[in-house]
Amino acid sequence: LARVISGAGERLATLRDRVIEAARLQRHSLVLDINAGTGLMTWEALRRAPEGGAWLLTPNAEEAAALREMVARLSQVERPVVLQGRVEELPKLLELRAEASVRFDAIIGRSALAAAPDKAAVAQVLAGLLAAGGTLSLAEPLPRETQRLYALVDLARLDADLAAKVTAAEEAIYADPADPLVNWTAADLTALLVAAGLTDVRVEPVETTADARIGPALLDRWFTPMPTGERPSYVQR
């Protein structure tokens, strides 16, 4: 129900198509998907580059197992390579497969940089894995610019001082210099990619709107304290 209300399927399909189009894939392209997840980008990339090859990276062991199960159904010629690890580990992962010299015509991904603690290091690795004339095409969420919950409720019913504290507490979530998920902007991302040696860098902010069903599971996620050492929940902030 939540997926239907939000239109997530349509939005993800549109996002996938934009990323793939920008990657300028040819039939013989070698493609690297750096946050494969369920394969949202991968299967379309394989369709467009049937004579090339695809490598999929996921940091999640369960996702890697599921992807390997899916690709096992393909013929040996069509079958992409599934790698498990972080982007920074890619050179080592390729070396273990005797593929250290492989360079990619296109590197694609969704939400691959957003939470990386060292985005500069990730950008350097990706730049080093691109073939001459290759393209890096990513879709990254920008949590710093996201919807604020305090803007959706009527704070006028609260004491003015308390309302100000609620607003300040939520804004502080997005102004934490130690949190790699929120401590960057689109301009910062541009600078990182240029510093990594990439040319013709274009970062295009795109605003998306979706309806959301506020149900018990979402409320629990916001208002249940997290264990020590994990990212604080909304109520803790």
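Residues numbered from 1 in each chain as written. Predicted model: local features only at pLDDT ≥ 70, side-chain atom pairs only at ≥ 80, totals over all residues. Heavy atoms only, no water.

Trainee: Looking at this structure, I do not really get the sheet that holds strand β1 (residues 30–33). What am I missing?
Mentor: The strands making up a sheet are joined through hydrogen bonds of the backbone, oriented either antiparallel or parallel. Taken in spatial order, the 5 strands of this open sheet run β3-β2-β1-β4-β5, and their pairing is parallel. Of all the strands in the sheet, just β3 (81–84) and β5 (130–139) have a single pairing partner and so form its edges. On average, adjacent strands in this sheet sit at an angle of 15° to one another, irrespective of strand direction. Here strand β2 (residues 53–58) pairs with β3 via 4 bridges, running parallel. Within β3, the residue paired with Leu 57 across the bridge is Leu 83. (Pairing = 2+ DSSP bridges. Helix = DSSP H or I, 4+ residues; strand = E, 2+ residues; numbered from the N terminus. Axes fitted to C-alpha atoms, helices over the stretch in contact; angles between N-to-C directions.)

Trainee: Could you clarify how one ought to interpret the packing of aromatic side chains in this entry?
Mentor: Given two aromatic rings, their pairing is described by the distance between the two centres and the angle made by the two planes. Applying the stated criterion across every chain yields a total of 3 aromatic pairs. Both rings, one in Trp 55 and one in Phe 104, keep their centres 5.2 Å apart while their planes meet at 75°; by these two values the pair is edge-to-face. Remark: Phe 104 occurs in strand β4 (residues 104–110) and Trp 55 occurs in strand β2; sequence separation between them is 49 residues. For the pair Trp 222 and Phe 223, a centre-to-centre distance of 6.5 Å together with 85° between the ring planes defines the contact as edge-to-face. For Trp 222, a relative accessible area of 18% puts it in the buried group. Taking the relative accessible area as the measure of exposure, Phe 223 reaches 45% and is therefore partly exposed. One aromatic cluster is present, formed by Trp 222, Phe 223 and Tyr 234 through successive ring pairs. Above the ring of Tyr 174, the side-chain terminus of Arg 148 is found at 3.8 Å from the ring centroid. (Phe/Tyr/Trp six-rings, centres within 6.5 Å; stacked < 30°, edge-to-face > 60°. Buried < 20%, exposed > 50% of the residue type's maximum accessible area, 1.4 Å probe, protein only. Lys NZ or Arg CZ within 6 Å of the ring centre and 35° of its normal.)

Trainee: Explanation requested: the environment of Pro 180 in the structure shown.
Mentor: By the element assignment, Pro 180 lies in the loop between α7 (160–173) and α8 (186–195). Apart from residues lying up to four places away in sequence, Pro 180 is in contact with Ala 114, Ala 115, Ala 116, Pro 117 and Lys 119. (Contact = heavy atoms within 4.5 Å.)

Trainee: Sorry if this is basic, but what is going on with the pattern of salt bridges here?
Mentor: Pairing between side chains becomes possible if they bear opposite charge and their charged atoms approach one another. All told, the structure shown has 14 salt bridges when counted by the stated rule. Measuring nitrogen to oxygen at the nearest pair gives 3.2 Å for the salt bridge that ties Arg 18 to Glu 204. Here Glu 204 lies in the loop between α8 and α9 (216–223) and Arg 18 lies in helix α2 (residues 8–23), a separation of 186 residues in the sequence. Across the salt bridge formed by Arg 48 and Glu 21, the nearest N and O atoms sit 2.8 Å from each other. Taken together, the residues Arg 48 in helix α3 (residues 42–48) and Glu 21 in helix α2 connect sequence positions 27 residues apart. Its relative accessible area of 49% is what places Glu 21 among the partly exposed residues. Shared partners join several salt bridges into a network, and the residues in it are Glu 21, Glu 44, Arg 47 and Arg 48. (Salt bridge = Lys/Arg side-chain N within 4 Å of Asp/Glu carboxyl O.)

Trainee: Mind showing me how you'd approach the environment of Ala 131 here?
Mentor: Within the secondary structure, Ala 131 is located in strand β5. According to the relative accessible area criterion, Ala 131 is buried, its value standing at 18%. Put simply, Ala 131 and Asp 105 are 26 residues apart on the chain and 5.4 Å apart in space, counted from C-alpha to C-alpha. With residues near it in sequence (within four places) discarded, Ala 131 still touches Arg 103, Phe 104 and Asp 105.

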